[in-house]
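Next come the chains, spelled out residue by residue.
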There are 2 protein chains.
Amino acid sequence: VTVEEQDAVERLSVEDLRDAWILFSPDDRRLAFGQLPRSEAEDFFLSLPARDQEELVLGLPREERRSWVRLLPPDDAADLVQAAPPEERAGLLALLDETTRREVTALLAYAEDEAGGLMNPRFARVRPDATVDEAISYLRRQARERAAEAIYYAYVLDDEQRLLGVTSFRDLFAAPPDRRVRDVMRTDVVSVSDDMDQEEVSRVFAESDLPAIPVVDRQGRMKGIVTVDDIVDVVAEEATEDIHKFGGVEALGAPYLDLSFAEMVRKRAGWLAALFLGEMLTATAMAFFEDEIARAVVLAVFLPLIISSGGNSGSQASTLVIRAMALGEVRLRDWWRVAGREVATGIALGCILATIGFVRIIVWQQIGHVYGEHYFRVALTVSLSLVGVVTFGTIAGSMLPFVLRRLGLDPASASAPFVATLVDVTGLVIYFVMASVILSGALL
Amino acid sequence: VTVEEQDAVERLSVEDLRDAWILFSPDDRRLAFGQLPRSEAEDFFLSLPARDQEELVLGLPREERRSWVRLLPPDDAADLVQAAPPEERAGLLALLDETTRREVTALLAYAEDEAGGLMNPRFARVRPDATVDEAISYLRRQARERAAEAIYYAYVLDDEQRLLGVTSFRDLFAAPPDRRVRDVMRTDVVSVSDDMDQEEVSRVFAESDLPAIPVVDRQGRMKGIVTVDDIVDVVAEEATEDIHKFGGVEALGAPYLDLSFAEMVRKRAGWLAALFLGEMLTATAMAFFEDEIARAVVLAVFLPLIISSGGNSGSQASTLVIRAMALGEVRLRDWWRVAGREVATGIALGCILATIGFVRIIVWQQIGHVYGEHYFRVALTVSLSLVGVVTFGTIAGSMLPFVLRRLGLDPASASAPFVATLVDVTGLVIYFVMASVILSGALL
């Protein structure tokens, strides 16, 4: 870094830094971050994703690391430790105070994408026999002593830490001060199990509209809470994963500009090569129809148009089904309802394209006489093939996600390119078979 | 409905009803809903999306509607009114109490997808000169009197309703009871303006990790709060919209199984027909190369393979860029950084596919002698075309979202089918030009 650059970096405000962050190298980041006033730096640090927090902390001299790591609540500290290389993890854990270290170690036992990996082990708890007034002053004390996270609800636990009920500050404030908590609490508590997948957890949040949900283990003991602000990240993350898969890329797992060139090529080459190998079947199929093409070159002219229409209709259908599945609108057992709709939709869409195609060929022929004396049969071949190809594409695109889910795979892998490849081979077979029937005796 | 069916419907529990809901007709829904015990029905009603609440309420006799509409907090009531047909809206508004009606009418002035349309006009407010103890007991009273929504923060407003600061229950509990609120409050408040787009609002939530954010108008007057649970819906909704667009479908705007057949065909036929018209350019281009195909039919054999590789690499690139834009990782001014990366990535990917293609043709030739005496030149044509087509596809796919955004359009419209169509024509031109150079004197 030259002196001039260093000057430029020094003068950055928090807003500028946030804007420029993704463009900065780790050294620039550390430099700019080091120039912020302490309290601004702390807020900025807390707003960063775990991966960036880890990069910053490990870039600091050992003796400066502790105060940054201790800023974090246990769930965020666990994410930071998880983001660090294995050889650094013990060192980072050692920076935490005794209690937090125990909590973080417990959290690290969970997979990142299950409820246990999302939860915060700190929550407000009250005994069922406390009075409302006792509960309020106990919560006041907890709020004063405990770190960071907002407190929405107080959870009522028995001596074995089993979850009996829940009460909100609102309920407590509204209740007569001398009532017992057990008479005020709600017992129909929405909870999730600690091994529930995060996508499922986000659906529970969507249905219940709660700001926080307790996490319990198989014995009914409460282990922590998941708050809705973590779920916003989960929803965005899961959508990104689905969108990447759907575009035929392995999920990047990192911001686009952060990924190295080699990593980027690796993530894309795999699927692209697999699709290429699948698409080679078209060359095999085409070789089979070489004679037909030699006799009627006009057939080759419409080939890209026909197979791409199959691919397009297939990718529409798979998009709709994949997203409906991800949102829980369509389940595995709804496959026959979807199939019924899609067959009808496919035929309708095929007829629309067939009409456009037919008119196009007839009009062009009137203008330029480009398709020879058998132009009417050619138009008929193209139109009927379109009905067949679009219907097949629609069915294949809509059913593939069900097949993948049935096999225990992710339906989002039924990507646009995957469906297109699947449909291309069938599309050209439909086209040439149709041609050999309609054009036999004329061109073939 | 037969008696038997009615019996089956009657016995449904809330869980069963939730499962079966999307499969039910409006009549079935009303019937099953009517059989639930009142308090379960209320919880279930509150958890439904506005569209379904509206359907249920309008299905009830006029005299039964009021108690259901009055269950809703003002922001949800506004959504329900918005979901109703225009001629019913005044009637629904008339069911509300005076205060709520005024609030709901104010909310209806905002577009659904801006901060004002998301916000709840009810929030806890305190005066700057109140003591901490006064503030706590005032908030206790507000909590008792006011409806539903959880209270996270108390907002400190001056006499003109301008936002001065914010304080949390936690801060109040932790502060000495006789301090003034103005000495305890935080003044660096994160807020959003009432006309900010909901996608932008969700990014503010992601950066700030707050459970609620105040909404202010241009004069700095506070109008309401947006809570993070509304943002979960926004994030999912925006992702669905992007995914649908990306698959080449108009955003459905309703669950898949709820849409009528005619509506479904309409939403899909538009884009499909537009793509079909674009793809017709391939037929025009192919007609131009008919002579080459007639002389070297082997060229047609590899055509689908080559153009689909361009489409696949293009859809990978556009997926990555569209999603990175939606997440704010890549901005318009980053286009040259992205272009640089994608040119290099495209060449690398093209070389990988070219190698696979080359080996495939040579090996097949050794086994079956299928590609004639000039097989080596054919292999060279295919390989070099692949490098060109994949590189072009990657550049086109990554730059199209920037062009669309620059034109003020949604980058997510750079769908996989759109990119594929764009790349197909260029792909076949590249292929035939390459062929005419390499095969001239041999096959051509």
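Just so it is clear, the structure is predicted and the values come from calculations on it, not from any experiment.

Draft legend 1. Molecular detail of the environment of Thr105 of chain A. Residues and elements named next belong to chain A. Within the fold, Thr105 resides in helix H9 (residues 98-108). Note on Thr105: relative accessible area 42%, which makes it partly exposed. Between the alpha carbons of Thr105 and Ala78 there is a distance of 7.6 Å; along the sequence they are 27 residues apart.

Draft legend 2. Quick look at the relation of the copies chain B and chain A. Each copy of the sequence occupies a distinct position, and chain B is placed on chain A by a rotation of 180° and an axial shift of 0.0 Å, giving an RMSD of 0.1 Å. Considering both components of the superposition, the chain copies are consistent with a two-fold axis. Minimal C-alpha separation from the rotation axis in chain B is found for Val232 of chain B, amounting to 2.6 Å. Residue by residue, 99% of the interface of chain B is reproduced at the interface of chain A, so both copies engage with the same surface.

Draft legend 3. The arrangement of the pairing of strand S2 (residues 153-157) of chain B in detail. Residues and elements named next belong to chain B. Of all five residues in S2, five are buried; the element is thus mostly enclosed. Taking every second residue as pointing to the same face, both faces of S2 are buried, with Tyr153, Tyr155 and Leu157 on one and Ala154 and Val156 on the other. Two strands pair when backbone bridges link them, and strand S1 (residues 124-126) and S2 are joined in this way by three bridges, in the parallel orientation. Bridge pairing in S2 links Val126 to Val156. Hairpin remark: S2 followed by strand S3 (residues 163-168), antiparallel, with five residues in the connecting loop; positive phi at Gln161, about 65°.

Draft legend 4. Structural detail: the environment of Ile243 of chain B. All names here are of chain B. By the secondary structure assignment, Ile243 is in helix H15 (residues 228-246). Relative accessible area serves as the criterion here: at 8%, Ile243 is assigned to the buried category. Spatially, the C-alpha atoms of Ile243 and Ser413 are 9.7 Å apart, while their sequence positions differ by 170 residues.

Draft legend 5. Summary view of unusual backbone geometry. Residue and element names in this part refer to chain A. The backbone of Gln161 sits at a positive phi, close to 70°, despite the residue not being glycine. Residue placement: Gln161 occurs in the loop between strand S2 (153-157) and strand S3 (163-168). According to the relative accessible area criterion, Gln161 is partly exposed, its value standing at 33%.

Draft legend 6. Just empty space enclosed by the protein, in detail. Applying the stated criterion across every chain yields a total of six cavities of 30 Å³ or more. When its volume is computed, the largest cavity comes out at roughly 280 Å³. Lining the largest cavity are 22 residues; nearest its centre among them are Gly311, Asn312 and Ala420 of chain A together with Asn312 and Ala420 of chain B. Among the secondary structure elements, those contributing two or more residues to the lining of the largest cavity are helix H18 (298-326) and helix H21 (416-438) of chain A together with helix H18 (298-326) and helix H21 (416-438) of chain B. Considering only residue class, the lining of the largest cavity consists of eight nonpolar, 10 polar and four charged.

Draft legend 7. Focus on the environment of Val423 of chain B. Residues and elements named next belong to chain B. Among the structural elements, Val423 can be located in helix H21. Given the relative accessible area of 1%, Val423 is considered buried. In this structure Val423 touches Gly310, Gly311, Phe392, Gly393 and Ala396, once residues within four positions along its chain are discounted.

Thresholds applied
- Every chain is numbered on its own, with residues counted from 1 as its sequence reads.
- Chain labels run from A onward and ligand labels from 1 onward, assigned in the order the entries are written.
- Two thresholds apply to this predicted model, a pLDDT of at least 70 for residue-level local features and 80 or more for giving and counting side-chain atom pairs, whereas whole-chain, interface and lining totals are computed over all residues.
- Only hydrogens and water are set aside when side-chain values are computed; all heavy atoms of the structure are taken into account.
- A helix here means a DSSP run of H or I that spans at least four residues, while a strand means a run of E at least two residues long, and both kinds are numbered starting from the N terminus.
- Accessibility here uses a 1.4 Å probe with only protein chains present; expressed as a share of the type maximum, an area under 20% marks a residue as buried, one over 50% as exposed, and anything in between as partly exposed.
- Residues below a pLDDT of 70 in either copy are left out; the C-alpha atoms of the rest, at least 70 in both, set the least-squares superposition of the copies.
- Contacts between residues were defined by any pair of non-hydrogen atoms, one from each residue, lying within 4.5 Å.
- Two strands are counted as paired when DSSP detects at least two bridges linking them.
- The pocket and cavity definitions rest on a 1 Å grid over protein atoms only: a 1.4 Å probe that fits but cannot leave marks a cavity, an open set with protein on both sides within 12 Å along at least five of seven lines marks a pocket, and residues lining either have an atom within 4 Å of a point.
- Grid points are joined across faces, edges and corners, and a volume is the space filled by probe spheres set on the points.
- Nonpolar residues are Ala, Val, Leu, Ile, Met, Phe, Trp, Tyr, Cys and Pro. Charged residues are Asp, Glu, Lys and Arg, and all others, Gly as well, are polar.

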